[in-house]
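Descriptive structure summary
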Amino acid sequence: MADPGYGPYAVRDEIRAAQAALWRHIAEPGTWWAGAQRVAIARAARDADGCGFCAERKQALSPGAMRGEHAGDASLPANVIEVIHRVRTDPARLSRAWFDAVKANGLEAGPYVEIIGLVAMLSGVDWFARSLGLELPLLPEPRPGAPSRYTPASARDHGAWVPLIAPEDAGGSEADLYPAGAIVPNIIRALSLVPSEVRVLHQMAAAHYLDLDRLPDPTAHRALDRMQMELVAARVSALNQCFY
Amino acid sequence: MTGKEVDLAAVNGAARASSGVEHGEELLAFTETLMRGEPATAERERLRALLSAEAFVDLAAVIGSFNTVDRIADATGIPLDPMMLAMSAEVRAQLDLARFASSANTTTV
C-alpha cells in the first residue's frame, strides 16, 4: 500500500506492515485469479457498498427469493459478482444451498475460497478506516503474472462447505501453515484450500487482534484491556449475526 | 478468566451501562452506530477523549478484524470448534445465538 494516510492516528507499525502486505497480496497473481482479476474483485467489493440491489435484498425476509442486477464493475462473471456482493453486504444469511448453487453455476471451491479471503480481509481494512473516520485507502495497481492453480493434496472434507487442511495433515509445502503445537481453530483453517490466503490472514489477525498462540491467555491484550477487546469483538459479531 | 463479572446482555445490545467493562457504554455506542453505516462522529470524539491514542487505534483494529473473521466463517460454513462448542453452551443459550442463520453450520446446536 502506498502510504494510505492514517490522519492524526499513531497506527502501530505491525498494523501498517500487515495492511501493506495485504495490498501487495491483492495486487499479485494468486492461486486461481490473476492480479488484475484480484484487484477487480476488491473493486467489486467496494461497489457492493453502494449496490441498490444488495440494499434491497438485505431488507428482504428471504434473500434467495430476490432477483435483480448488482451495480458496479461488470468485468467479472455474474456468479463471481454475486459471491463478492453477498459476502461484503449480507454474509449472515449465506447458506449451504446458496453455496451449492454458486458451485453449480461454475465456481469451484478453490477460486471461491480465494475470493472469500480477498473480500473478507479487504473488508477488515475498510472497517478499520471507517472506525478511524478516514477515507478508504486506494486499491493497488495489479501486477502481472499467471495464477499458480495450486491445490494442496491434504485438503479434505472436515464438515465445512469447502475442503480444509487439518493441522495434522499440514506437511510439505504447508508445513508452515499453522504454528507448531498451537490449537488451530476452524476460523484459521477455513481458507486453507488456498494456503496463501491463510498466511496473509495470520499476519492480519496477529496485527489487528492477537497472535494465535496468545489467544488462550486471558491476560493477553493491547492498549485496550482484554475485556474491552472481547466486548467489542462480541458486539461486532452479534451485529453481523455471526454464530461462529 | 479475569475474576470480573460481565453482563452478557451487553453483547446483544442491552445493559450497556452495566456491562462491567471500563468505558463499555461508550465502546458499544460507537460500535453500534458505526456498524449501522453512520459516521459516528460524536461517539468517536467521545471515545478519543476517554481512551489513549493507542487504545483508540486498537479499537478500530478489533472492529476491522472481526469484520474479517465473521465473513470468513459465514462464507466457508465452518462449524464451531468441538472444544468451544462444549465450553460455550451456557453462553450460547443466554445470548440465543441459535437464532443466527449460520448456526446451521454447527449440527449439534
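What counts, and where the lines are drawn
- Residues numbered from 1 in each chain as written.
- Chains lettered and ligands numbered in written order.
- Predicted model: local features only at pLDDT ≥ 70, side-chain atom pairs only at ≥ 80, totals over all residues.
- Helix = DSSP H or I, 4+ residues; strand = E, 2+ residues; numbered from the N terminus.
- Expected span 1.5 Å × (residues − 1).
- Contact = placed C-beta atoms within 7 Å.
- Nonpolar A, V, L, I, M, F, W, Y, C, P; charged D, E, K, R; others polar.
- Domains from an automatic or database assignment.
- pLDDT = per-residue confidence, 0-100.
- Buried ≥ 20, exposed ≤ 12 C-beta atoms within 10 Å, placed from the backbone.
- Axes fitted to C-alpha atoms, helices over the stretch in contact; angles between N-to-C directions.
- Parallel < 35°, antiparallel > 145°, perpendicular 65-115°, else oblique.
- Left-handed = near helix turned anticlockwise from the far one by under 90°.
- Core = buried A, V, L, I, M, F, W, Y, C linked by C-beta atoms within 7 Å.

1. Re helix 8 (residues 195-208) of chain A
Compared with an ideal rise of 1.5 Å per residue, which puts 14 residues at 20 Å, helix 8 of chain A spans 20 Å between its outermost C-alpha atoms and is within 8% of the ideal. Residues of helix 8 of chain A that are buried make contact with helix 1 (13-27), helix 6 (109-132) and helix 7 (186-189) of chain A together with helix 3 (53-76) of chain B.

2. Topic: the interface of chain B and chain A
Taken residue by residue, the interface counts 55 residues in chain B and 62 residues in chain A. Mapped by element, the contributors of at least two residues to the side of chain B that touches chain A are helix 1 (24-35), helix 2 (41-50) and helix 3 of chain B. The element contributing the most residues to the side of chain B that touches chain A is helix 3 of chain B, with 23 residues. Of the residues in the side of chain B that touches chain A, the class split is 28 nonpolar, 17 polar and 10 charged.

3. A short note on the domain arrangement of chain B
All names here are of chain B. Once the domains are mapped, chain B shows domain 1 (1-76) and domain 2 (78-109). Every contact between the two is made by 6 residues of domain 1 and, on the other side, 5 residues of domain 2. Of the residues assigned to the side of domain 1 that touches domain 2, the class counts are 3 nonpolar, 2 polar and 1 charged.

4. With respect to the confidence of the model for chain B
Residue and element names in this part refer to chain B. Mean pLDDT over chain B: 86, with 87% of residues reaching 70 or higher. Here helix 5 (residues 89-95) stands out as the least confident element of chain B, with mean pLDDT 78; helix 3 is the most confident, with 98. Reported confidence for the predicted complex is 0.96 by ipTM and 0.93 by pTM.

5. Brief notes about unusual backbone geometry
For residues other than glycine, phi is negative in most cases, and the peptide bonds are mostly trans. A positive phi angle is found at Gln241 of chain A, which is not glycine, with a value near 55°. With respect to the helices and strands, Gln241 of chain A occurs in the segment after helix 9 (226-239). When the 18 C-beta atoms within 10 Å are taken as the criterion, Gln241 of chain A is described as partly exposed. Positive phi values are uncommon outside glycine, yet His23 of chain B reaches one of about 60°. Within the secondary structure, His23 of chain B sits in the segment before helix 1.

6. Thoughts on the packing of helix 9 of chain A against helix 3 of chain B
Where helix 9 of chain A contacts helix 3 of chain B, the two axes come as close as 9 Å, and the packing angle between them is 40°. With respect to each other, helix 9 of chain A and helix 3 of chain B are oriented oblique. In terms of crossing hand, the pair formed by helix 9 of chain A and helix 3 of chain B is right-handed. The segment helix 9 of chain A lies against helix 3 of chain B, with Met229, Val232, Ala233, Val236 and Ser237 of chain A engaging Leu59, Val62, Ile63, Phe66, Asn67 and Asp70 of chain B. Its residues assigned to classes, the contact of helix 9 of chain A with helix 3 of chain B comprises 8 nonpolar, 2 polar and 1 charged.

7. Considerations on the nonpolar core
If you look at the biggest cluster of nonpolar residues, it comprises 94 residues, and the most contacted ones within it are Ile41, Ile84, Ile116 and Val119 of chain A. At the level of elements, helix 1, helix 2 (35-48), helix 4 (78-89), helix 6, helix 8 and helix 9 of chain A together with helix 1 and helix 3 of chain B are the ones that each hand at least two residues to this core. The dominant element in this core, judged by the number of residues it contributes, is helix 6 of chain A, at 14 residues. The two domains that each donate at least three residues to this core are domain 1 (1-76) and domain 2 (78-109) of chain B. Each residue touching Ile84 of chain A, except ones within four places of it in the same chain, is listed here: Ile41, Ala44, Ala45, Ala48, Ile115 and Val119 of chain A.

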